[in-house]
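Structural description and commentary
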Amino acid sequence: MYEVGIWSEGKGWQSWRVDGCEAAYEAYRRACDLCEAVGAGNAAIWDAETYEVLADLADEEE
C-alpha cells in the first residue's frame with residue numbers, strides 16, 4: 001500500500017492511499033500535474049507502512 005500526497009500552504013499535506021505499485025505511481029504523476037497546475041508546493045509518494053519516500057517532486061525539480 002502506498003500514499004500519494006500534495007503539499008499546499010495553509011493546508012499542509014493531503015494524502016490518499018493507493019493499492020498497487022503501478023496505480024500509485026500513476027496517481028503520483030497525476031498529483032504532480034495537479035500540483036503544477038494549481039501552484040501547490042509539492043507532491044510525493046511514500047510507502048504507507050514504512051513512510052519511506054519513494055519519489056518527491058521537490059527533489060526532482062532541483
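Here, the structure is the one placed above.
So, here's what we can say about the structure. Just so it is clear, the structure is predicted and the values come from calculations on it, not from any experiment.

Thresholds applied
Throughout this document, residue positions are counted from 1 along each chain, in the order its sequence is written. Only residues with pLDDT of at least 70 are given local features in this predicted model, and only at 80 or more are side-chain atom pairs given and counted; all residues enter the totals for whole chains, interfaces and linings. Calculated side-chain values reflect all of the structure's heavy atoms, with hydrogen atoms and water omitted. What makes a salt bridge here is a side-chain nitrogen of Lys or Arg within 4 Å of a carboxyl oxygen of Asp or Glu, nothing more. To qualify as a helix, a DSSP run of H or I must reach at least 4 residues; to qualify as a strand, a run of E must reach at least 2; elements of each kind are numbered from the N terminus. Only protein chains enter the accessibility calculation, which uses a 1.4 Å probe; a residue whose area is less than 20% of its type maximum is buried, one above 50% is exposed, and one in between is partly exposed. Here the expected span of a helix is defined as 1.5 Å times the quantity of residues minus one.

**What to know about the pattern of salt bridges**
Applying the stated rule across the entire model yields three salt bridges. Glu26 serves as the salt-bridge partner of Arg29, at 2.8 Å between the closest nitrogen and oxygen. With Arg29 and Glu26 both in helix 1 (residues 21-38) and three residues apart, this pair spans about one turn of that helix. On the basis of relative accessible area, Glu26 is assigned to the partly exposed category, the value being 30%. Close ionic contact of Arg30 with Glu26 constitutes a salt bridge, the shortest N to O distance being 2.8 Å. Of this pair, Arg30 and Glu26 both sit in helix 1, separated by four residues, roughly a single helical turn. Judged by relative accessible area, which is 56%, Arg30 ranks as exposed. In the salt-bridge network here, residues are joined through shared partners; they are Glu26, Arg29 and Arg30.

**Structural notes on helix 1**
When the terminal C-alpha atoms of helix 1 are compared, their 25 Å separation across 18 residues agrees well with the 26 Å that a helix rising 1.5 Å per residue should span. At the exit of helix 1 stands Gly39, carrying a positive phi of roughly 75 degrees.

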